[in-house]
Amino acid sequence: MAMARLDSVRPLFLLIIIIGAAGAAKKKRIPWWNLKAGQEQGPNACVVEEIPGKNWKLWTECKYHNNRDICGQKTRLRYECCGGFHQLDGESGCPGVNPMADVLQTARHYGAGKFVEFVEQAGLTNRFKREGPFTLFAPIDKAFERLSGDQRLRLVPSRQKNSTILLHALDHRVTMDEIGSDTVLPSLYGVDLRLNKYTNGMKTVNCILIVRKDLQATNGIVHLVEKILEPFYVVPGKSLAEMIQTDGRFSELAKALEGTKCKKKLQNPHQSFTILAPSDEAFQKLPHGKMERLLNDPEIREALLENHIIPHPTCLSAVTTKTNQRTLGKEKLEFDCDSKGVSISKQKMRNNYQLGTNGVLYMVDDLIFPQKAMSAMQIAENEKLFTFSHVLRTSGLSDVLETMPNMTLFAPNEAAMYTLPKEELQQLKENKEKARKFVMYHVVEGNLRSDSMAAGRSVRTLDNKNKLRIQVEMNAFGVQGAKLEKRDLGGNNACMHIINKPLKPPTESVETFLRSKGDFTYFAKGLGQVLKSFAHNGTLTIMAPNDKAFRELPEETLQKYTSDRKYMQKVSYFLDHDRLTLFCDPTLPKSSF
């Protein structure tokens, strides 16, 4: 077996390259070839997960493990001896047992030698060798590659100050199995450490990734961490609400929180949260007047604030793939990552965080809008109505719609927009006047939700020249012949319905339309007289028999139709809203319409 001995330099590793196991990983089932490889390693061999070409490793301390995608990069698995064991010549696996040592020797042995050097420089060697038990969170050597002068001074202070070495230690032994999903413990530095465990297997301390756990020592236990712990990430004795109130970067957020339920929750010492705190600059990016409209509506303000709060601590270092997390407002925020970092709802995040007594605060550069607080444009983009959004921008009406007190928008979906002739669609994207007319025909004043729609109801469009007819059949809703595929998407001043085809205003009369078709000459001949004699102020559906139907009539009947105006009325079919009125001669055919 190829195995790396921890106290030697033999770089012999077994690589397991996963092929086509994406489905297995999703189900969290270990594929047979990984099981087989693990069984072949012998006793006390544990998986090390790593990303090829990247200096990223995670010691799993288990024999069987899955290859995963970590932020879009496929991991590979190799084997080393589990903590506390080593190889013996001529034997498989790692049957040799390492002699127990103190926490400093243990940390040095497993790859935190530079940290131990700073412990010695800070004059803390005797304390960690002779006293205990301790839990040591020891940064691996990689963490010291780009050590700044300030970090060095905090680790080895020149005056009588506590070394930040003590921030990496607890005064008792704590294994990873003993901590919950969110555990707070006091460090020897006097600042709390927040330990978190996540369902993807990641573990953090003060949002720094723990890369190896539970290395047993004679006077404690050692966990290896990816980076150096820093005290300025912790705000001692302050809740998240107090942190926002006293931090000059969040004065607008502090004002928005005043008198809200969200503020009371962020003051609660018995529950932990993550708040994605918009900076003052984020509020200032809003169009003129929008911030006042949002914050002056108590319901929308609460929804906006809730959308920035997650009801448990979430450290960005633990994000490994795309996941959705529910906010206090029950909407979902999409967390994702790639080789460049983590994004939340497509907003790139900086690792700019602070820890309070009841959670973690991340500063964000843009507001994250819940649907209730979105403008029409934001809803359209959120629903991936890319083409309609393009036309809306071209029209120049997005700001106008945002300032309307209430309006309803019937937005064609992406497939519907591409049913338009190619030339017409291109003109809508480029010509402001054409785009403006198109958008205005899809907007009506007032908040028209599906629960207030009635069959046959007509609503006037924004251009004030046309009306749209609402259709309701069982639980299906339509407008002007287009089906409402997604209903009642509500924004701060908008109600949006997504429809399956574009709406077009009528450009000609029914009579002209039928004449242009060429197959309705008999019916069209008398239609003008019929419409004049049938007084009607609403909408009509005309069921027009084609010429073939007329030619099937007896010659005498056809002659009578073409010469007798009164008889024409008897063969006209009208659908008056939800009431069908038929005037027909029983001798006429009832097919071929």
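Residues numbered from 1 in each chain as written. Predicted model: local features only at pLDDT ≥ 70, side-chain atom pairs only at ≥ 80, totals over all residues. Heavy atoms only, no water.

Named according to an unreviewed UniProt entry, the protein chain is FAS1 domain-containing protein originating from Cloeon dipterum.

Student: Which parts of the structure should I look at to understand the sheet that holds strand β25 (residues 458–460)?
Tutor: In any sheet, the strands associate via hydrogen bonds between backbone groups, in a parallel or an antiparallel arrangement. Pairing in this open sheet of seven strands is mixed, and the strands run β24-β23-β29-β28-β27-β26-β25 from one edge to the other. Bordering the open sheet on either side are β24 (443–445) and β25, each of which pairs with just one other strand. Ignoring strand direction, the axes of neighbouring strands in this sheet form an average angle of 30°. With six bridges joining them, strand β23 (residues 407–412) and strand β29 (residues 494–499) adopt parallel strand pairing. Within the sheet, the bridge partner assigned to T408 lies in β29 and is C495. (Pairing = 2+ DSSP bridges. Helix = DSSP H or I, 4+ residues; strand = E, 2+ residues; numbered from the N terminus. Axes fitted to C-alpha atoms, helices over the stretch in contact; angles between N-to-C directions.)

Student: Which parts of the structure should I look at to understand the state of the cysteines?
Tutor: Disulfides are covalent bonds that connect the sulfur atoms of two cysteines. One pass over the full model with this rule turns up four disulfides. Between the sulfur atoms of C71 and its disulfide mate C337 the distance is 2.1 Å. In this structure the cystine formed by C71 and C337 twists about its S-S bond by roughly -100°; its chirality is therefore left-handed. Of this pair, C71 sits in the loop between β3 (69–70) and β4 (73–74) while C337 sits in strand β18 (residues 332–338), and the two are 266 residues apart along the sequence. In this model, C207 is linked to C315 through a disulfide, with the two sulfur atoms separated by 2.0 Å. Across the disulfide from C207 to C315, rotation about the S-S bond amounts to roughly -65°, and the bridge is consequently left-handed. With C207 in the loop between β12 (203–205) and β13 (208–217) and C315 in the loop between β16 (309–310) and β17 (323–326), this residue pair connects regions lying 108 residues apart in the sequence. Here C207 matches C315 in class, with each residue buried. Shown here for the protein chain is a disulfide pattern of 1-4, 2-8, 3-5, 6-7, where each number marks a bonded cysteine counted in sequence order. (Disulfide = S-S within 2.5 Å. Buried < 20%, exposed > 50% of the residue type's maximum accessible area, 1.4 Å probe, protein only.)

Student: Help me out: how do you make sense of the pattern of salt bridges in this one?
Tutor: Across all of its chains, the model carries 22 salt bridges by this definition. A salt bridge links R78 to E50, with the shortest nitrogen-to-oxygen separation between them at 3.0 Å. Of this pair, R78 sits in strand β5 (residues 76–81) while E50 sits in strand β1 (residues 45–50), and the two are 28 residues apart along the sequence. By relative accessible area, R78 is classed as buried at 2%. The exposure class assigned to E50 is buried, which follows from its relative accessible area of 8%. Salt bridges sharing common partners tie together E50, R76, R78 and E80. (Salt bridge = Lys/Arg side-chain N within 4 Å of Asp/Glu carboxyl O.)

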